[in-house]
Amino acid sequence: MRHKVLSVRDISPTTYVLRLERNGFEFTPGQCVNLGLPGTGVNREYSTYSGAGSEFLEFLIKEVPEGTVSPKLRAATPGTEVDLHGPYGSFVLDPQKITNSKFVFIASGTGIAPFHSFVTSYPELDCQIIHGIRHAVDRCDIEDFDSDRLVTCVSREPLEGRQGRVTDYLKETSLETESFYYLCGNQAMIYDVYDLLRQGGVSGDKIFTEAFF
Amino acid sequence: MKIAISYPPIVNDQGQKAMVSQNRNVQFFKKPTYLLPVVHGQAASWLKNLGYDVLWDDGNAQLKDFDQWFRDLVAWRPDMVVFESTTPVMKFYWKLVDQLKSACPNCIVVMTGYHSMRRPEETLDRCQADIILRSNHIDFVLRKLVPYIDEHSNWRDHCPIEGLVIRRDEKDYLDTGNFKQIEPLDLSPDVDRDLVRWKDYAYENGNYLQVPGTYATSVIRDCMFGKCTFCRYNGPDLTFSMRSVEKSLDEYQRLVEDYGVREIFDDSGVWYRGAEARQFAKGIIDRGLHKKDCYFGFNTRFGYMDEETVALLAKANFRFLLIGMEASDEETLARLNKGYSLEDVEANLKLFTKYGLFPHLTIMVGYYWQTRKQLQQTVDTVKRLMFEGVARTLQVTLCTPLDFTPYHQECSEEGVLLTDDYDDFDMSKLIVKTPIPHDEYYAAIRDIYGVAFHPKFVGRQVQFLSRMRKSDWQFLFTYGTRAVRRVNQHVFNLTRHEGSPA
Ligand SMILES: Cc1cc2nc3c(=O)[nH]c(=O)nc-3n(C[C@H](O)[C@H](O)[C@H](O)COP(=O)(O)OP(=O)(O)OC[C@H]3O[C@@H](n4cnc5c(N)ncnc54)[C@H](O)[C@@H]3O)c2cc1C
Ligand code: SF4
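Residues numbered from 1 in each chain as written. Chains lettered and ligands numbered in written order. Predicted model: local features only at pLDDT ≥ 70, side-chain atom pairs only at ≥ 80, totals over all residues. Heavy atoms only, no water.

Chemist: Residues and numbers for the site of ligand 1, please.
Modeler: Within the structure, ligand 1 sits among 26 residues, and A:Glu45, A:Tyr46, A:Thr68, A:Val69 and A:Ser70 are positioned closest to it. More than one chain reaches ligand 1: the nearby residues come from chains A and B. Within the backbone of A:Ser47, an N or O atom sits 3.0 Å from an oxygen atom of ligand 1. Here an oxygen atom of ligand 1 and a backbone polar atom of B:Ala275 are 3.2 Å apart. Taken by itself ligand 1 offers 870 Å² of open surface, and the protein chains cover 91% of this. Elements that contribute at least two residues to the shell around ligand 1 include exactly strand E4 (44-47), strand E5 (56-62), helix H1 (70-74) and strand E11 (207-211) of chain A together with helix H8 (274-286) of chain B. Taken together, the residues that form the shell around ligand 1 break down as 12 nonpolar, six polar and eight charged. (Near = heavy atom within 4 Å. Polar contact = N/O pair within 3.5 Å; in protein donor to acceptor, adjacent residues only side chain to side chain. Areas by Shrake-Rupley, 256 points an atom, 1.4 Å probe, with all protein chains shown as cover. Helix = DSSP H or I, 4+ residues; strand = E, 2+ residues; numbered from the N terminus. Nonpolar A, V, L, I, M, F, W, Y, C, P; charged D, E, K, R; others polar.)

Chemist: Describe the interface of chain B and chain A, with residues and values.
Modeler: Listed by partner, the interface residues are 37 residues for chain B and 31 residues for chain A. In total, about 2700 Å² of surface goes out of reach between chain B and chain A, with carbon and sulfur atoms giving 45% of it. Looking only at chain B, the three residues that lose the most surface to chain A are B:Lys180, B:Ile182 and B:Lys227, adding up to 21% of its buried area. Taken together, the links from chain B to chain A amount to five salt bridges. For B:Glu343, the salt bridge identified is with A:Arg2, shortest N-O distance 3.1 Å. Taken together, chain B and chain A are joined by 18 residue pairs in polar contact (both at pLDDT 80 or more). (Contact = heavy atoms within 4.5 Å. Buried area = accessible area lost by both parts, 1.4 Å probe. Salt bridge = Lys/Arg side-chain N within 4 Å of Asp/Glu carboxyl O.)

Chemist: Describe unusual backbone geometry, and please don't skip the residues or the numbers.
Modeler: In this structure, the amide linkage connecting A:Gly86 to the following residue, A:Pro87, adopts the cis form with an omega of 5°. Of note, A:Pro87 is situated in strand E6 (residues 81-88). With an omega of -5°, the peptide bond between B:Val211 and B:Pro212 qualifies as cis. Of note, B:Pro212 is situated in the loop between strand E9 (173-175) and strand E10 (213-215). Positive phi, normally seen in glycine, also occurs at B:Asn337, with a value near 60°.

Interpretation in functional terms is not warranted from these geometric data alone.
This is the structure:
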């Protein structure tokens, strides 16, 4: 399916939000799609960033400098067409649990994309979001998150008096073993966080993961 | 402890042997090819490195018959035997486990694999197996489990290792919860080639253009994409884990320089793409491995390879690319979650052949929705791609729902499954209700394979192969002969149910 680019909005020097026309495309928050430029024969997976009820589709993308697809999508101008396949993937919330369970979403970098989709799609969700980034400028649309629920962990500079990774934050925090934990981003973060959760008494059956790279 | 990692010879009533094929499917063939089970090989190597007595016990690759294999295993007196399960051989395994438990009552039987990991209780109910691995990381789990059992006599009651279902008593099972999805693959050792007797697998394998060939220790476990509905690498609890480029390059260097292999195939669901693929190709070139008369190959998906990467791979002596095309109509591609269109398929194939790569297509027929028009479109497209010379070889299979994949679940929910007898899931016949008679799908298979013998295709093939950088006519002949034999076997296997009632 072809979707026109509506805008490319810079979040930081390395991260941007690609907005596409919706074209009636339906998805479950947390699912991903494959995006590529028509005729190139190349595409990559991107998690949905916008909410299920939004009038457009948005994706939060890190531009990998030597990358094949992410720089090309950033260079797309409004009106450019993008090939979109999907949606698919099972990194979604169990509909039975959305209103009666607690969730903890842990992300590194653009791994916050599916969690942004969750909170905008399900405003009633009882959740905490822990976001690991390198620099404060990498924070994405923080006004879309309830500030009491969002913890930003910046590893390369202090932010509001604190500096460190998500793992440092988790080590200092007592974990709720009844919550469901969703982990998204790079493999190293997911690997380390999983161990901390298990040590904190969280069952493997309550941990869900989506690795980007 | 003495641990056997075992693959029993399994022979069906046609006298065909079960062989593990791509994506851990099991199919029966008269003259099987032998695929090294890489993750199990890593598990065996790791346990051996830890000082355990390990038996690499592949009765198929070691050309044993069942009785001899069973006798040898019992005589070795294992403390633990590890099997790999998939749907079409489950009933066989349940019987075998009980037979083994009667012969060696104290031996701990561990069941791994994508069938039992999805239905652990079923296997514990149906046979006397002791432990089911819910994890696909067999090496990481066994590396923790074996020492734990070694040191704790009460391991059945208290086991802190996640991803297991353990028999405590006849009907009392301990479930240790979901497993850790991502493991640091660099910690798991390269497959110990001597332990697994690599030469047993070095010749009969359709993924080798030259022999002796071998499988690399996979760079990606399961699949980075992991969305195709029929595939085992698609599950709510699966993501992928990746090995570092440098570690893998070190292994390639050893395989080429110390073992003299002439083809290395990486059987990861889908190999590296983008930056890692380019880094790998550059590494091969920097180490001079592209000049050592060894070809490299891997599985990929349409949509992952761009021109810069393909050009580098070709320079690094990559040749064989195995790609699941599955079908050529957009509806089927979308229903299977393939994530590309026919336009991408054509663009990718043109690119691969432009740089002299050797794309091998896998196609399936017999989806429960597949209409005559869709089927014909696939047949026509595949034939055209072969005649145009943008695809080199192909393999057609019957789409069979397996191991509780999303396609399997969908077939159950849609009420289209014609059988629930696991023996019928051996990919030799269609087992779903379809909009047109089953015979039309069998005829389509014959039609597609017919390309292999068409003078136009043969002419193109010879022209292409003789342009390959090494004009090795002996290789051409051997590969060609093996390919024709495989085509004949496939046509026989996949069409022998033609004419039987659907
Ligand atoms: C299920 C899934 C969902 C994904 N969702 C998103 C998403 O919502 N947003 C997003 O930005 N990416 C996402 N990715 C990653 C994305 O698919 C691409 O890998 C990424 O855009 C790089 O592609 P490329 O063609 O530009 O680079 P390539 O030429 O493919 O090179 C890839 C290089 O980029 C690195 N890399 C990949 N992704 C990132 C990243 N996010 N941050 C830093 N380095 C990275 C890899 O390690 C690798 O070295 C997802 C991946 C998967 C598997
Ligand atoms: S691309 Fe699809 S079929 Fe191939 S290994 Fe990945 S999920 Fe399976």
